[in-house]
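# Summary of the model geometry
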Amino acid sequence: MTDIYPSRHAATAEMRPRQDPVLHSEWSDDAPIGVELAAQFDRDGYIVLEDLFSDDEVTFLQRAAGKLLADPSALDDDTIVTEPQSKEIRSIFEIHRQNAVMARLAADARLADVARFLLGDEVYIHQSRLNYKPGFKGKEFYWHSDFETWHVEDGMPRMRALSMSILLAENTPHNGPLMVIPRSHKTYLTCVGETPDDHYLSSLKKQEYGVPDEDSLAELAHKHGIVAPTGKPGTVILFDCNLMHGSNGNITPFPRANAFLVYNAVSNRLEKPFGVEKPRPWFLANRDEPAPLTPQRGSLVETVAA
């Protein structure tokens, strides 16, 4: 198959035009989001959804996240990533298969229906994780496009996936919130440097390959600006798979946590990686025959036995 999004091959970075739509459905009155939000997603590459969950549901999710962090011995060791210079947990992957509450969250109609509408297809979970940025010691996540890695290292063929970050603690301008470059999703920025074997072992702590060059990042930022969406617990930040994003370190005493869900279109299932011989492991990229999510309705608290 011809690779329409080559990366990590050339000696210099390139800005290539996106070859795929952003919004894969036409808006109608029965769409799960308003026409303004649909247009914003298409234009800017991200939207913020507020007040989807009740206070009781947010507390329920926070309690589930706390259990995951408090008892890592109950989890698959491979799915736990610690900070570069400490044993503090940075991420726990595959949370939708290791925790019943997170599984129910991933299938919740308030999220899954939006993903199905924006992607114009049935969807499945490509990747899930709990991101934790502790107070004082939480390290940064450098600028990157998820799709570049998912394409090169996982074999995701097209830009028909999106991420949802469900805030489990208040995200302020000070505690290392997600930052995005609006409208950068319309440009595919290639990266320089051949990917080493088992790159994920180091990249999950600190990424050195698949990282955009500073000149191109500066050009995108000067052209489109940088936005840091913030919000109270329960807020959902949704963004396109090719949107350039990152976050600063957290030197405040206030930790930041979020459940991170990646929805991929069933028609966009993974193929052979486009830039490496050995695909990344199962907990980073779902290579199973994709089973479409069945959206679940009702309160999280009432439909899950915690």
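Here is a short report on the structure shown in this document. All figures in this text were calculated on a predicted structure; none of them were measured in a lab.

## Thoughts on the overall build of the chain
- A count of helical and extended segments in the chain gives nine helices and 12 strands.
- Radius of gyration (C-alpha) of the chain: 18 Å, near the 19 Å computed for a compact globule of 306 residues.
- Principal-axis analysis of the C-alpha atoms gives the chain an extent of 55 × 50 × 40 Å.
- For the chain, contacts bridging at least 24 residues in sequence account for 86% of all contacts bridging at least 6.

## What to know about the pattern of salt bridges
- On inspection of all chains with the given rule, the structure shows 19 salt bridges.
- Across the pair Glu-14 and Arg-16 runs a salt bridge, and its minimum N-O distance is 3.3 Å.
- Using a relative accessible area of 29% as the deciding quantity, one classes Arg-16 as partly exposed.
- We note a salt bridge from Arg-116 to Glu-122, for which the minimum N-O separation is 3.2 Å.
- Classification of Arg-116 as partly exposed rests on a relative accessible area of 25%.
- Linked by salt bridges that have partners in common, Glu-57, Arg-104, Asp-108 and Arg-110 make up one network.

## Examining the packing of aromatic side chains
- Taken as a whole and judged by the stated rule, the model has six aromatic pairs.
- Plain terms: the ring middles of Tyr-5 and Phe-147 are 5.2 Å apart, the flat faces sit at 80° to each other, and that makes the pair edge-to-face. Of the two residues, Tyr-5 sits in the segment before strand S1 (15–17) while Phe-147 sits in helix H6 (residues 146–154), which places them 142 residues apart along the sequence. Pair check on accessibility: Tyr-5 and Phe-147 agree, each one buried.
- Cluster of aromatic residues (ring-pair linked, three or more members): Tyr-5, Phe-147 and Tyr-188.
- Sitting over the face of the ring of Phe-141, Arg-90 holds its NZ or CZ atom 4.0 Å from the ring centroid.
- Looking at Arg-129, its charged tip hangs above the ring of Phe-260, at a distance of 4.0 Å from the centre.

## As for helix H1 (residues 35–44)
- Burial in H1 covers these residues: Ala-38, Gln-40, Phe-41 and Asp-44. Taken around the axis of H1, the buried residues stretch over an arc of 160°, which confines them to a single face.
- In the core, the buried residues of H1 are packed alongside strand S2 (46–49), helix H5 (109–119), strand S7 (161–167) and strand S10 (236–240).
- Once H1 finishes, Gly-45 follows within two positions and takes phi at roughly 90°, a positive value.

## Here we look at the sheet that holds strand S4 (residues 89–93)
- Strand order across the open sheet formed by seven strands is S2-S10-S7-S12-S5-S4-S3, with antiparallel pairing between neighbours. Of all strands in the sheet, those bounded by a partner on one side alone are S2 and strand S3 (80–82). Mean inter-strand twist for the sheet, computed between neighbouring axes without regard to direction, equals 20°.
- Pairing geometry for strand S5 (residues 123–133) and strand S12 (residues 256–265), over 10 bridges, is antiparallel. Residue pairing across strands places Val-123 opposite Ala-265, the latter belonging to S12.
- This element, H1, spans S2, S7 and S10 of the sheet and lies at about 145° to S2.
- Across the sheet, helix H4 (residues 100–107) lies against S5, S7 and S12, angled at about 50° from S12, the strand it touches most.

## Digging into the sheet that holds strand S8 (residues 178–180)
- Pairing in this open sheet of three strands is antiparallel, and the strands run S6-S11-S8 from one edge to the other. A single partner strand is all that each edge strand has here, and the edge strands are strand S6 (141–144) and S8. Between one strand axis and the next, the sheet turns by 25° as a mean value, whatever way the strands run.
- Pairing of S8 with strand S11 (residues 245–247) involves three bridges; the strand directions are antiparallel. Across the sheet, residue Val-180 finds its bridge partner in S11, namely His-245.

## Side note on the environment of Lys-67
- Residue placement: Lys-67 occurs in helix H2 (residues 55–70).
- When the C-alpha atoms of Lys-67 and Thr-230 are compared, they prove to be 24 Å apart, with 163 residues separating the residues in sequence.

Each value, and the rule that gives it
- Residue positions are counted from 1 within each chain, in the order its sequence is given.
- Side-chain atom pairs in this predicted model are given and counted only at pLDDT of 80 or more, local residue features only at pLDDT of at least 70, and totals for whole chains, interfaces and linings cover all residues.
- With hydrogens and water stripped out, all remaining heavy atoms of the structure feed into the side-chain values.
- Numbering goes from the N terminus for both helices and strands, where a helix is a DSSP run of H or I of at least four residues and a strand is a run of E of at least two.
- To get the radius of gyration, use the C-alpha atoms; to get the globule rule, take the number of residues to the power 0.38 and multiply by 2.2 Å.
- Here, two residues are considered to be in contact whenever any of their heavy atoms come within 4.5 Å of each other.
- We define a salt bridge as a contact between a side-chain nitrogen of Lys or Arg and a carboxyl oxygen of Asp or Glu at a distance within 4 Å.
- The buried label goes to any residue with under 20% of its type's maximum accessible area, the exposed label to any with over 50%, and the partly exposed label to all in between, with areas taken from a 1.4 Å probe on protein chains only.
- For Phe, Tyr and Trp, rings pair up if their centres lie within 6.5 Å, where Trp contributes its six-membered ring, and each pair is then called stacked (planes under 30 degrees apart), edge-to-face (over 60) or tilted (otherwise).
- Whether a charge sits over a ring comes down to the Lys NZ or Arg CZ being within 6 Å of the ring centre and within 35 degrees of the ring normal.
- As used here, the arc is the angular range of directions from the helix axis to the C-beta atoms.
- A pair of strands is treated as paired once DSSP finds two or more bridges between them.
- Only C-alpha atoms enter the line fits that serve as axes; for helices the fit covers just the stretch in contact. Angles between N-to-C directions range over 0 to 180 degrees.

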